[in-house]
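# Survey of secondary and tertiary structure
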Amino acid sequence: MTYTFPKDFSMPVLALTTLGEKLARGGNWPDYKKFGLTPEQIPELIRVLEKVGEFWPDEPTNNEPEVYAPIHAWRALAQFKAEQAIPVLFDLIYWNEANDVDWIMEEIPHVLGMIGPAGIPPLANYLVSSEKGIWSSVTMAHSLAEIGKQHPESRAACVNALQAGLEQYETNDETINGFLISYLADLKAVEAVPLVERAYQANQVDLSVLGDFEDFQIFAGLLEKRLTPRPRYSQWMEESDEPRDENKSSHNQRERTDEKTEKKKRKEAKKARKRHKKK
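Okay, so let's go over this structure.

## Considering the nonpolar core
- Grouped together as the largest cluster of nonpolar side chains are 81 residues, with contacts concentrated most on Trp74, Leu89 and Phe216.
- In this structure, Trp74 is in contact with Leu49, Trp56, Leu89, Leu92, Trp103, Ile104, Glu107, Ile108 and Val111, ignoring residues within four places of it in sequence.

## Thoughts on the packing of helix H9 (residues 134–150) against helix H11 (residues 174–186)
- Two elements in contact, H9 and H11, have axes whose closest approach is 9 Å; the angle formed by their N-to-C orientations is 10°. Between H9 and H11, the angle falls in the class roughly parallel. Here Ile134, Trp135, Ser137, Val138, Ala141, His142, Ala145 and Lys149 of H9 lie close against H11, whose contacting residues are Thr175, Ile176, Phe179, Leu180, Tyr183 and Asp186.
- Along the lines of polarity and charge, the residues of the contact of H9 with H11 split into 9 nonpolar, 3 polar and 2 charged.

## Examining the packing of aromatic side chains
- According to the stated counting rule, one finds 8 aromatic pairs in the structure shown.
- Between the aromatic rings of Tyr200 and Phe213, the centroid separation amounts to 6.0 Å while the plane-to-plane angle is 55°, which identifies the pairing as tilted. Residue Tyr200 is found in helix H12 (residues 193–201), and its partner Phe213 is found in helix H13 (residues 213–219); the two are separated by 13 residues along the sequence.
- The buried category is assigned to Tyr200, whose relative accessible area is 10%.
- Ring pairs connect the aromatic residues Phe90, Tyr94 and Tyr126, which therefore count as one cluster.

The rules we used
- Residues numbered from 1 in each chain as written.
- Predicted model: local features only at pLDDT ≥ 70, side-chain atom pairs only at ≥ 80, totals over all residues.
- Heavy atoms only, no water.
- Core = buried A, V, L, I, M, F, W, Y, C linked by side-chain atoms within 4.5 Å.
- Buried < 20%, exposed > 50% of the residue type's maximum accessible area, 1.4 Å probe, protein only.
- Contact = heavy atoms within 4.5 Å.
- Axes fitted to C-alpha atoms, helices over the stretch in contact; angles between N-to-C directions.
- Helix = DSSP H or I, 4+ residues; strand = E, 2+ residues; numbered from the N terminus.
- Parallel < 35°, antiparallel > 145°, perpendicular 65-115°, else oblique.
- Nonpolar A, V, L, I, M, F, W, Y, C, P; charged D, E, K, R; others polar.
- Phe/Tyr/Trp six-rings, centres within 6.5 Å; stacked < 30°, edge-to-face > 60°.

Here you go:
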């Protein structure tokens, strides 16, 4: 059951409920001004995102066009560079730690990248907080990389924020460290080499995300190719993502949760490696 828009929304915002999956999944985002949206509707677009739990009681995979309204709303906010939307975008990231919606992990970093440097301080603060979640941290780190790429004048601030998060490598989850290093590589952050090397030497980096220290140097542009044979972790990195036989898996809730987390980690790590191979 999907969310029904209140009647007090303007017609351009109501139109988001009709755009549906085709425009959401298209390679290029449409120009939302063509649908009558203007900066005057920014507060209404934010209200759409505040209701995301009602739009998406489950993974948004059905064909009802209303399901895709939040996706169109955050894209419109990105095109308007709506800095006032940053708090609700963060709320989406927090909400997604438990709800695991791929759309949020994949698109919110690009949205924050388009909005620009105003997002850097809260992103940086989260990455050094003591109670950060794994996937929230990955999305926040990705967002910093996008801001740094889309706004070169802010690259140094984004690199500093990613390094500040990685400085906590001893207490961070190894997966968080792996993705922080991955996004530092995205920004060609050669200034982070000493810190990255320390994290690897401390064995505090999930190697399945990007690889080892030599791989980081290659992706950061410091090496042309490996100097040593690739470690055995490459076999794990390339293994199939086929689901496990449910008849053989435990019914214990914690084990099922751990399995889901592991599958998600493999999926996100695969995306990171694919992204770097394209460069």
